[in-house]
Amino acid sequence: MSIDILKVDSNIEKTNTDSLGGGFTKPTGLYGCVIDVAYLNKSRGGALGLNLHLRVASDKSIIRETLWVTSGDAKGNKYYYENKDGKRFLLPGMATAEQIAMITTGKPMGEQTQEEKTVKLWDPESRAEKPTKVPVLTDMVGKSILVGIHKVDRNRWSGGAPTAEHSFVNQIDKVFYPDGFSTMEREAEAEQAKVHIQWQEKYSSDFVKDEYDPSVGGGDDSLPSEAVADTGSLFS
């Protein structure tokens, strides 16, 4: 079954530009990864998320991240937002998901095939991994990708709300083909891959993105879950 809700209309402005604007959290850097699993889920607020488990080639650890590809029920479950001029742009999570889909399968998110599979996922109630049936985007699984990862300082969440405690997590900033080309470079038939080199020059390994809020505001269950590196088995 394809994901019709994520088929992008032609009137959506392109946000895929080459602007460079866990427990074992990795330093900021470029990491060659294989997608161990990619599955969909919904937040309590109705936002659709693409959950990625990326196995790092260098040490076999897993980086997990959720890309929120639609808004929640209150905002109409849309994969885009509108600016003050009425122009529509992909949500940041959807823009990244579209690039990952094209890099790994050559097809956009709206044309991905879902297949229900059983995956070992963390269950907060039992505080253990449990076999869980989820819609897996099977064409992405096992595909290689080069990922620009930021180390991020943000508030730790507890009981559904942020706390004053710091939490260091990983967050996808840019994605590339395994040979280093960006999606825009590939579309433009560029002779050399340069953007991944520029990204690496801009973000040193000691770079930490500051998202920590000292005022500790309210919660929002549509925010991405923490992306941490581990070495656990994914499929039951």
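Keep in mind that this is a model prediction, so the values were computed, not measured.

1. Details of the overall build of the protein chain
Right, so step 1: For the protein chain, the helix and strand inventory stands at three helices and 12 strands.
Right, so step 2: When the 236 residues of the protein chain are sorted by exposure, 43% land in the buried category.
Right, so step 3: For the protein chain, the computed accessible surface area is about 12300 Å², with 50% contributed by carbon and sulfur atoms.

2. With respect to the side chain of Gln 112
Right, so step 1: Position of Gln 112 relative to the elements: it lies in the loop between helix H1 (92-105) and strand E7 (114-123).
Right, so step 2: A polar contact is formed between the side chain of Gln 112 and the side chain of Thr 105, at a distance of 2.9 Å.

3. Section: the confidence of the model for the protein chain
Right, so step 1: Considering every residue of the protein chain, the mean pLDDT works out to 86; 83% of them sit at 70 or more.
Right, so step 2: Ignoring residues within four places in sequence, the model shows residues 19-23, a span with pLDDT below 50, making 16 contacts including any to other chains.

4. Let's talk about H1
Along an α-helix, residues three or four positions apart point the same way, because every turn accommodates 3.6 residues.
Right, so step 1: For H1, which comprises 14 residues, the first-to-last C-alpha distance of 20 Å matches the rise-based estimate of 20 Å (1.5 Å per residue) to within 8%.
Right, so step 2: The buried fraction of H1 is high, at 11 of 14 residues.
Right, so step 3: Taken together, the buried positions of H1 are occupied by Gly 93, Met 94, Ala 95, Thr 96, Ala 97, Glu 98, Gln 99, Ile 100, Ala 101, Ile 103 and Thr 104.
Right, so step 4: In the segment just after H1, Gly 106 is the residue with positive phi, at about 75°.

5. What about unusual backbone geometry?
Right, so step 1: Residue Lys 60 is not a glycine yet carries a positive backbone phi of 65°.
Right, so step 2: For Glu 189, which is not a glycine, the phi torsion comes out positive at approximately 55°.
Right, so step 3: With respect to the helices and strands, Glu 189 occurs in the loop between helix H2 (183-187) and helix H3 (195-202).
Right, so step 4: With relative accessibility at 70%, the residue Glu 189 sits in the exposed group.

6. Considerations on H3
Right, so step 1: What H3 keeps buried is the set Val 195, His 196 and Trp 199. Along the long axis of H3, the arc covered by the buried residues comes to 100°, so they all point the same way.
Right, so step 2: Elements in contact with the buried residues of H3: strand E2 (29-42), strand E9 (144-158), strand E10 (161-176) and H2.

7. Section: the packing of aromatic side chains
Right, so step 1: Within this structure, the stated rule accounts for four aromatic pairs.
Right, so step 2: Aromatic side chains Tyr 79 and Tyr 80 sit 5.3 Å apart centroid to centroid with 75° between the ring planes, which places their arrangement in the edge-to-face category. The pair Tyr 79 / Tyr 80 is uniform in exposure class, with both members buried.
Right, so step 3: An aromatic cluster is defined as three or more aromatic residues linked by ring pairs; in this entry it consists of Trp 199, Tyr 203 and Phe 207.
Right, so step 4: We note Lys 151 situated over the ring of Phe 168; from NZ or CZ to the ring centre the distance is 5.2 Å.
Right, so step 5: In this structure, Arg 186 is placed above the aromatic ring of Tyr 177, and the distance from its NZ or CZ to the ring centre is 4.4 Å.

8. Side note on the pairing of strand E8 (residues 128-137)
Right, so step 1: As defined by bridge partners, E7 adjoins E8 across 10 bridges and the pair is classed as antiparallel. Looking at E8, one finds that Glu 116 is bridged to Pro 135.
Right, so step 2: Where E7 folds back onto E8 in an antiparallel hairpin, the turn is made up of four residues, including Arg 127, whose phi is positive at roughly 55°.

9. Details of the pairing of E9
Right, so step 1: Relative to E9, E2 runs antiparallel, the two being bridged by six bridges. By the bridge assignment, Cys 33 is partnered in E9 with Ile 145.
Right, so step 2: Relative to E10, E9 runs antiparallel, the two sharing 12 bridges. Its bridge partner lying in E10, Trp 157 is registered against Pro 162.
Right, so step 3: Hairpin connection from E9 to E10: two residues lie between these consecutive antiparallel strands, with Gly 159 at a positive phi of about 65°.

10. Some words on the pattern of salt bridges
Right, so step 1: Inspection of the entire model under this criterion finds 10 salt bridges.
Right, so step 2: A salt bridge links Asp 139 to Lys 107; the shortest N-O distance between them is 2.8 Å. Taken together, the residues span a long stretch of sequence, with Asp 139 in the loop between E8 and E9 and Lys 107 in the loop between H1 and E7 at a distance of 32 residues.
Right, so step 3: Judged by relative accessible area, Asp 139 falls into the partly exposed class, the value being 26%.
Right, so step 4: Residue class for Lys 107 comes out partly exposed when judged on its relative accessible area of 25%.
Right, so step 5: Residues joined in a network through salt bridges with shared partners are Arg 154, Lys 209 and Glu 211.

Rules used in this analysis
Residues numbered from 1 in each chain as written. Predicted model: local features only at pLDDT ≥ 70, side-chain atom pairs only at ≥ 80, totals over all residues. Heavy atoms only, no water. Helix = DSSP H or I, 4+ residues; strand = E, 2+ residues; numbered from the N terminus. Buried < 20%, exposed > 50% of the residue type's maximum accessible area, 1.4 Å probe, protein only. Areas by Shrake-Rupley, 256 points an atom, 1.4 Å probe, with all protein chains shown as cover. Polar contact = N/O pair within 3.5 Å; in protein donor to acceptor, adjacent residues only side chain to side chain. pLDDT = per-residue confidence, 0-100. Contact = heavy atoms within 4.5 Å. Expected span 1.5 Å × (residues − 1). Arc of directions from axis to C-beta. Phe/Tyr/Trp six-rings, centres within 6.5 Å; stacked < 30°, edge-to-face > 60°. Lys NZ or Arg CZ within 6 Å of the ring centre and 35° of its normal. Pairing = 2+ DSSP bridges. Salt bridge = Lys/Arg side-chain N within 4 Å of Asp/Glu carboxyl O.

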